[in-house]
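Listed below, chain by chain, are the residues.
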Amino acid sequence: MASRESYSYEREGSATAVAEQPLPYTADKKKPVLVTGAAGLVGIHTCRELTKNGWKVRALIRDPARAAMALGQLPVEFRVGDARDATTLRGSLSGCGAVVHLAAIAIERKGQTYREANTAMTERLISAARAESVQRVIFMSQNGADSASPHAFLRSKGVAQDSVKTSGLAWTVLRPSVIFGPEDQFVNVLARLIRLSPKIFPLPGGGKARFQPIAVDDVARVVRLSLEKKDTVQQSYDLGGAVPLTLRQMTERILTAMGATRRLVSVPIALLRPLVGLAQRIIPNPPVTPGLLDLLALDNTVANNALTEQFKIVPIPFAGDELQYLRRITARSALKSLFEQK
Ligand SMILES: NC(=O)c1ccc[n+]([C@@H]2O[C@H](COP(=O)([O-])OP(=O)(O)OC[C@H]3O[C@@H](n4cnc5c(N)ncnc54)[C@H](OP(=O)(O)O)[C@@H]3O)[C@@H](O)[C@H]2O)c1
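Residues numbered from 1 in each chain as written. Predicted model: local features only at pLDDT ≥ 70, side-chain atom pairs only at ≥ 80, totals over all residues.

## A word on the site of the ligand
G37, G40, R62, A83 and A104 are the nearest of the 26 residues found near the ligand. At the level of elements, α1 (41–52) and α4 (114–131) are the ones that each hand at least two residues to the shell around the ligand. Per element, the largest residue contribution to the shell around the ligand is three residues, and it comes from α1. In the shell around the ligand, the residues fall into 15 nonpolar, four polar and seven charged. (Near = placed C-beta within 6 Å. Helix = DSSP H or I, 4+ residues; strand = E, 2+ residues; numbered from the N terminus. Nonpolar A, V, L, I, M, F, W, Y, C, P; charged D, E, K, R; others polar.)

Encoded structure:
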């Protein structure tokens, strides 16, 4: 049985304590944890981390073939469906003790807007969790997510995050900087563009913006510990890797890991934007969009790193052995990825 204790908490921006409610501090390990976005980068590693540590996992996925490749080795129960659909959500949550909500989009595509996929989907998930009496929710937000952000992606995650915080559920919000790992869509995209570039590689804005890349395995451990540690309820955690790195420093480490050399050339973002806009119109799977290009000029580091401070995890470094997965990228595979239908 889940431990049931009374606690109170304060809604953000309010000094008034919300009425005490009996909610479980820890999820019942005998019941499955629903993981949305289970076949994505964070999802694969979260499912692995949870099952390895005795959690029952129910994976919500859209594409059974892709999920079988990504998760086929793991003892997980599958539910197939779209997480924007309320009926799918209720059916998937039925009988669960907790939900880890990872599903989101970073690039808008036909029929998938930030508003629908990131914000409305989370609001529907909260309603479905309430209806199915699933009290515990871990929400994967984003460092910089803010309902007042001028950037549409960060705003959509910020509004979703606010909904989770005011849901009355036992929530934990995780706010990682950029995540790296074999299936990531940031470092791999940079590496593919490097493979396709001849001798020189353009760095948006000189590559001065700072990031704090965090390994996907470290993020997955935080998800599990959030479910297991009682004091993570009603907490929001900023998460980053070992050290802040500029985009230029990250690119240099990527080049080293790939065994490649390119001259890094500073290009103003304003000059790249029309090119990226054009590429978005003609390439089926564009590596970057004008909106995401703008985010490459924003610092994405964390002041209080919960990875080390609260969770006492020694970060996996963004270097050497950890980036070996980039070596398998060839010019051919890089080109092919641009034409994959999503
Ligand atoms: N990667 C990062 O650098 C980073 C940094 C900070 C925060 N985050 C957050 O971490 C979470 C996981 O990101 P990720 O990197 O693992 O992303 P990812 O690899 O793109 O995975 C996202 C998953 O969500 C699924 N999904 C999207 N819309 C869905 C829908 N309507 N119904 C069902 N499934 C849907 C996708 O399914 P399909 O496979 O079918 O498309 C995909 O498997 C996201 O919330 C993201 O915002 C990521």
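Having seen it, we continue.
## Observations concerning the nonpolar core
If you look at the biggest cluster of nonpolar residues, it comprises 90 residues, and the most contacted ones within it are V33, V35, A59 and V99. The element contributing the most residues to this core is α4, with seven residues. For this core, the domains that each give at least three residues are domain 1 (22–176) and domain 2 (187–210 + 243–300 + 316–337). Residues in contact with A59, not counting those within four places in the same chain, are V35, A38, C47, A67, L71, V76 and F78. (Core = buried A, V, L, I, M, F, W, Y, C linked by C-beta atoms within 7 Å. Buried ≥ 20, exposed ≤ 12 C-beta atoms within 10 Å, placed from the backbone. Domains from an automatic or database assignment. Contact = placed C-beta atoms within 7 Å.)

## Quick notes on the domain arrangement of the protein chain
Along its sequence, the protein chain is organised into domain 1 (22–176) and domain 2 (187–210 + 243–300 + 316–337). Between the C-alpha centres of domain 1 and domain 2 the distance comes to 28 Å. At the interface, seven residues of domain 1 touch seven residues of domain 2. Broken down by class, the residue content of the side of domain 1 that touches domain 2 amounts to four nonpolar, three polar and no charged.

## Quick word on the pairing of strand β7 (residues 136–140)
Within β7, five of the five residues are buried, which leaves the element mostly enclosed by the surrounding structure. Alternating positions in β7 separate into two faces, R136, I138 and M140 on one and V137 and F139 on the other, with burial throughout. Read as a crossover between parallel neighbours, the route from strand β6 (residues 98–101) over α4 to β7 is right-handed. Taken together, the five bridges between β7 and strand β8 (residues 170–176) define a ladder with parallel strand orientation. Its bridge partner lying in β8, M140 is registered against L174. Running through helix α5 (residues 152–165), the crossover from β7 to the neighbouring parallel element β8 is right-handed. (Right-handed = clockwise from strand over helix to strand, strands pointing away. Pairing = 2+ DSSP bridges.)

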